[in-house]
Amino acid sequence: QVQLVESGGGLVQAGGSLRLSCAASGSIFRVNDMGWYRQDLGNQRELVATITSGGSTNYGDSVKGRFTISRDNAKNTVYLQMNSLKPEDTAVYYCNAAVQTIRSPFRASEVWGQGTHVTVSP
């Protein structure tokens, strides 16, 4: 009943910026922690950034100082502002959220988006 839809991925040159968005929709009671993860060819999915419902953030070491995660609770949307992009940032970026549904409002379930491609050229 709940889905996450990412947008904002694309191709950018090194040093440029992109802003990813992820909107949760469906039978939502509450969206708790949200986050961004990424996966490149041959690599495991890694943490990019997470944000709690109260706004506390956590970042992966490789993106600290360059990426900023934020959210709009009224829109059930999480954003990832990506600055000073490097070719190493090229990956599929996945949105994640812990969601309490109308059907089961006392249990949080993990939901993943389909992913959005980010390609950073040299």
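Since the structure is predicted, the reported quantities are computational estimates derived from the model, not experimental observations.

Spatial strand order, E1-E3-E8-E7: four strands in an open sheet with antiparallel pairing. The open sheet has two edge strands with one neighbour each: strand E1 (2-7) and strand E7 (67-72). Averaged over all neighbouring strand pairs, the angle between strand axes comes to 15°, with direction disregarded. Sheet topology places E1 next to strand E3 (residues 18-26); six bridges connect them, and they run antiparallel. In the sheet register, glutamate 6 faces E3, and the bridge partner there is cysteine 22.

What follows concerns unusual backbone geometry. For residues that are not glycine, phi is negative in most cases, and the peptide bond is trans in most cases. With phi around 50°, asparagine 76 is a residue other than glycine that occupies positive phi space. Relative to the helices and strands, asparagine 76 is located in the loop between E7 and strand E8 (77-82). With a relative accessible area of 22%, asparagine 76 lands in the partly exposed category.

Attention shifts here to the nonpolar core. Where a protein is soluble and globular, its nonpolar side chains tend to be buried together. Trp36, Leu80, Met82 and Tyr93 are the most contacted members of the largest nonpolar core, which totals 30 residues. Listing elements by their share of this core, those giving two or more residues are E1, E3, strand E4 (28-39), strand E5 (46-51), E7, E8, strand E9 (91-101) and strand E11 (116-121). The element that contributes the greatest number of residues to this core is E9, accounting for five residues.

Cut-off values and rules
Residues numbered from 1 in each chain as written. Predicted model: local features only at pLDDT ≥ 70, side-chain atom pairs only at ≥ 80, totals over all residues. Heavy atoms only, no water. Pairing = 2+ DSSP bridges. Helix = DSSP H or I, 4+ residues; strand = E, 2+ residues; numbered from the N terminus. Axes fitted to C-alpha atoms, helices over the stretch in contact; angles between N-to-C directions. Buried < 20%, exposed > 50% of the residue type's maximum accessible area, 1.4 Å probe, protein only. Core = buried A, V, L, I, M, F, W, Y, C linked by side-chain atoms within 4.5 Å.

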